[in-house]
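# Secondary and tertiary structure notes
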Amino acid sequence: MPDKLIETPAWALVQGASRGIGAALVEALLARESILGVVATSRQPKRSAALARLAEQHDSRLLAVPLDLEAPDSIATAAQEVAQRLPKAQSLRLVINVAGLLHDATHQPEKRLENLSAAALARAFAVNATGPMLVAQHFMFLLPTSGRSLFASLSARVGSISDNRLGGWYAYRASKAAQNMLTKTLAIEWARRLPDCVCVGLHPGTVATDLSAPFRSGVPEQQLFSPERSAAALLEVLSSLGKQDSGHCFAWDGQRIAP
């Protein structure tokens, strides 16, 4: 029986694959017979213990490639490397952008307007919005012009403008809303250029990763997912989507999120 995720055995690419949801997606994809191999990209993939473990288990089915969303030239270079190293007869049919920025050592989500800075806004947009579209731009030519393929980026429910009831988190909310708009615009163009490709945003739920660590103390245990559970749910959602769903954003449970 054909895999509902992709109908033809092919390669997948996970961008932001070094840990958390990204590493869990790589592992889950490698377990599927329909996936010939996985390209795992991150800033420093050789430093990832998770990818090193998976490489020992899967050898030639895992291709680790450096890619930094904040360095556009590295995205172009990564695409060129993948094009050269991927077997010519095997198409890339699944691309998932996982990397995202909510906080780091110098920036926390804004609670009030006075906390907002131009630098924080620019960096959030670079990672959460601009980066995924540059991945689409450079890897588009490795996707098949016919036959089912998927392009997905991890978004967030807080990127929904109509669902914003609490305010705050200016940079993260705005960059995820921008990502959703870019995904919608990409879906419209690819409906002409790659008519069988489904382009969507995905909300993974609240996942026990470094990104959510400072903000999950009030999350009920049953609503806090492991990276493995979230990855499995996201792949199930992707398996259920068709061309009519392209351009929209879906939560881990398959529910469409209002823009």
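Everything numeric here is computed off the predicted structure, so don't read it as measured data. (Residues numbered from 1 in each chain as written. Predicted model: local features only at pLDDT ≥ 70, side-chain atom pairs only at ≥ 80, totals over all residues. Heavy atoms only, no water.)

### Let's talk about the nonpolar core
Grouped together as the largest cluster of nonpolar side chains are 36 residues, with contacts concentrated most on Val 26, Leu 29, Leu 202 and Leu 238. Here the element with the most residues in this core is helix 1 (residues 20-30); it accounts for 6 residues. With residues up to four places along the chain from it excluded, the contact list for Val 26 reads Val 14, Ala 17, Val 38, Ala 40, Leu 51, Leu 54 and Leu 62. (Core = buried A, V, L, I, M, F, W, Y, C linked by side-chain atoms within 4.5 Å. Buried < 20%, exposed > 50% of the residue type's maximum accessible area, 1.4 Å probe, protein only. Helix = DSSP H or I, 4+ residues; strand = E, 2+ residues; numbered from the N terminus. Contact = heavy atoms within 4.5 Å.)

### Focus on the layout of surface pockets
Approximately 310 Å³ is the volume attributed to the second largest pocket. Along the walls of the second largest pocket sit 15 residues, with Asn 180, Met 181, Lys 184, Gly 247 and Pro 259 positioned nearest its centre. For the lining of the second largest pocket, the element with the highest residue contribution is helix 5 (residues 170-193), accounting for 5 residues. Among the residues forming the lining of the second largest pocket, the class breakdown is 7 nonpolar, 7 polar and 1 charged. (1 Å grid on protein atoms, 1.4 Å probe; cavity = no way out; pocket = protein on both sides within 12 Å on 5 of 7 lines; lining within 4 Å. Points joined across faces, edges and corners; volume = space filled by probe spheres on them. Nonpolar A, V, L, I, M, F, W, Y, C, P; charged D, E, K, R; others polar.)

### What to know about the pattern of salt bridges
Taken as a whole and judged by the stated rule, the model has 10 salt bridges. Between Arg 123 and Glu 70 there is a salt bridge, with its nearest N and O atoms 2.9 Å apart. Placement of Arg 123 in helix 4 (residues 118-139) and of Glu 70 in the loop between strand 3 (62-66) and helix 3 (72-85) is noted, with a sequence separation of 53 residues between them. The residue Arg 193 makes a salt bridge to Glu 189 at a minimum N-O spacing of 2.8 Å. Residue Arg 193 and its partner Glu 189 are located together in helix 5, separated by 4 residues, close to a single helical turn. Among the residues examined, Glu 189 registers a relative accessible area of 30% and is labelled partly exposed. Among the ionic contacts, a cluster of salt bridges with common partners joins Glu 70, Asp 104 and Arg 123. (Salt bridge = Lys/Arg side-chain N within 4 Å of Asp/Glu carboxyl O.)

### Notes on empty space enclosed by the protein
Applying the stated criterion across every chain yields a total of 1 cavity of 30 Å³ or more. If you add up the space inside the largest cavity, you get close to 50 Å³. Residue lining of the largest cavity: Leu 101, Leu 102, His 103, His 107, Pro 109, Glu 110, Ala 124, Ala 171 and Tyr 172, and that is the complete set. Looking at the lining of the largest cavity, its residues break down into 6 nonpolar, 2 polar and 1 charged.

### Points about unusual backbone geometry
Positive phi, close to 50°, is recorded for Asp 59, a residue that is not glycine. In this fold, Asp 59 is placed in the loop between helix 2 (49-58) and strand 3. A relative accessible area of 58% places Asp 59 in the exposed class. One non-glycine residue, Trp 169, adopts positive backbone phi at about 55°.

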